[in-house]
Amino acid sequence: MDLVRACQTIGQVNKLLQAERRSGSSFDLSLGERQWLYRHGFLQQSGVIYSLELNDPSEYLTDYQRFVRTKRINGRHWNALLENKLAFHRLMSEFPDHRPAVYGLLADGRFHAVDRIDDRPRVTDGGLELEQSSASALSRPTTEPIDWLTETLSDGERIVLKRFRGDGGDDVHFVARADDEYVFDGTRMTELALAKTLSDFEEYLVCEYVDQADYAAELFAETTNTIRIVTMFDDREGAAFIPMAVQRIGTADSAPVDNFSKGGLSARIDRTTGTLSEAATHTTDGSLDWHRTHPASGVRIQGTAVPGWARIRDRLLEIAETFSHIPYVGWDLVVTAEGEFQILEANSHPDVTALQVHRPLLADDRTRRFYRDHGVI
């Protein structure tokens, strides 16, 4: 093992240990139970969520394999490209109709303009044309963050702030214009107060807020409810495939994000029909709960269909095959209308807990072969 790979492995093992320290205290497991899980490569949380006292652990991708070995599938250069959200935005320039605008970057106390034109096509009587974004109203390459917001956002409009790097819903914030004030993560602020808040934001992207389709808003309107789809490129068959996809749904515990790790719900999507299963959530005391309806909205989850699922699935596979040199990707997307979607980000070694709570990944022969071919198992 070369020095670079050894350092990467040490870094990933440290992340694995940090994950255990964050969540391990929530579980009432005996020393023997914990030791058994560690020997088999699992954290305590996974042992509970996967019910490993009842199920075959050899059918599950372990936490060690996910944190350490899947990191190697795409290689460090492509990993870095996907982890860098601005670089990924540039990578997606070939697919402008699936790429939300990134208006700018907050760095060194300034707003640095990125997108001057929203690349999404707009349908007109004369065909397709690019729609000018409000961000292009500013001709200056840099300005004060609050000045950009004041000049750009109209009453009721929203933007998303997310850290340049990171995942798991960490460091994501929402800003809206409300009359002569602003709303930051649900809290009303004066212009002066928001300017002071933003002064501490370093290396955050200022992104377009994507409106979700009606079905997703009806499930739970307080969060943007995203779909996580994992794609794998099968070198033997020369095609991408989807081992699993889940609909993530926010809750009062997870808001303002929908992440399963934050207390959100995960419903498995039938890859053929696009219908949702009952949804799982894990609580702070380590228990796992299942819901056929949303615990807050009361809206039916199980049996709900993602509108235009076949079109979404097939289009994402086309995109994945375009990036066949990046064979393993966890895509986070928002359905915006029937068969239409926007890709918010992509993950090079995605968390699989919200997937395997429904079914172990290695129970599928093609998925097992992919991981084996890439030295994960």
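Preceding this section is the structure that the text describes.
To start, this report covers the structure provided alongside it. (Residues numbered from 1 in each chain as written. Predicted model: local features only at pLDDT ≥ 70, side-chain atom pairs only at ≥ 80, totals over all residues. Heavy atoms only, no water.)

### Regarding the pattern of salt bridges
Here is step 1 of the chain: For the coordinates displayed, the defined rule picks out 16 salt bridges.
Here is step 2 of the chain: When salt bridges that share partners are traced, they join Asp234, Glu237, Arg366 and Arg369 into one network. (Salt bridge = Lys/Arg side-chain N within 4 Å of Asp/Glu carboxyl O.)

### Quick look at the nonpolar core
Here is step 1 of the chain: Grouped together as the largest cluster of nonpolar side chains are 38 residues, with contacts concentrated most on Val306, Trp331, Leu333 and Ile343.
Here is step 2 of the chain: When residues of this core are traced back to their parent elements, those giving at least two are helix 9 (214-219), strand 11 (227-234), strand 12 (239-249), strand 13 (265-269), strand 14 (276-282), helix 10 (309-322), strand 16 (328-337) and strand 17 (340-347).
Here is step 3 of the chain: Among the elements that take part in this core, helix 10 stands out by supplying six residues, more than any other.
Here is step 4 of the chain: Discounting chain neighbours no more than four positions away, the residues touching valine 306 are Tyr215, Ile227, Gln247, Ile269, Gly274, Leu276, Ile312 and Val335.
Here is step 5 of the chain: Core analysis: the second largest hydrophobic core is formed by 27 residues, Phe27, Val246, Leu361 and Tyr371 among them. (Core = buried A, V, L, I, M, F, W, Y, C linked by side-chain atoms within 4.5 Å. Buried < 20%, exposed > 50% of the residue type's maximum accessible area, 1.4 Å probe, protein only. Helix = DSSP H or I, 4+ residues; strand = E, 2+ residues; numbered from the N terminus. Contact = heavy atoms within 4.5 Å.)

### Overview of the pairing of strand 6 (residues 158-163)
Here is step 1 of the chain: Where strand 6 and strand 7 (residues 172-178) come together, five bridges link them in antiparallel fashion. What sits directly across from leucine 161, in strand 7, is histidine 173.
Here is step 2 of the chain: Across five bridges, strand 6 lies against strand 10 (residues 204-208) in antiparallel orientation. Note on strand 10: the bridge partner recorded for lysine 162 is leucine 205. (Pairing = 2+ DSSP bridges.)

### Remarks on the sheet that holds strand 7
Here is step 1 of the chain: With antiparallel pairing, the eight strands of this open sheet are ordered in space as 5-2-1-10-6-7-8-9. The strands lining the two open edges of the sheet, one partner per strand, are strand 5 (142-143) and strand 9 (187-189).
Here is step 2 of the chain: As judged from the four bridges shared by strand 1 (residues 102-107) and strand 10, these two strands associate in the antiparallel manner. By the bridge assignment, leucine 105 is partnered in strand 10 with leucine 205.

### Notes on helix 5 (residues 76-83)
Here is step 1 of the chain: Listed as buried for helix 5 are Asn79, Leu81 and Leu82. Buried residues along helix 5 cover an arc of 160° about the axis, so they all sit on one side.
Here is step 2 of the chain: In this structure, the buried residues of helix 5 make contact with helix 6 (85-91), strand 16 and strand 17. (Arc of directions from axis to C-beta.)

Structural measurements only, silent on function.
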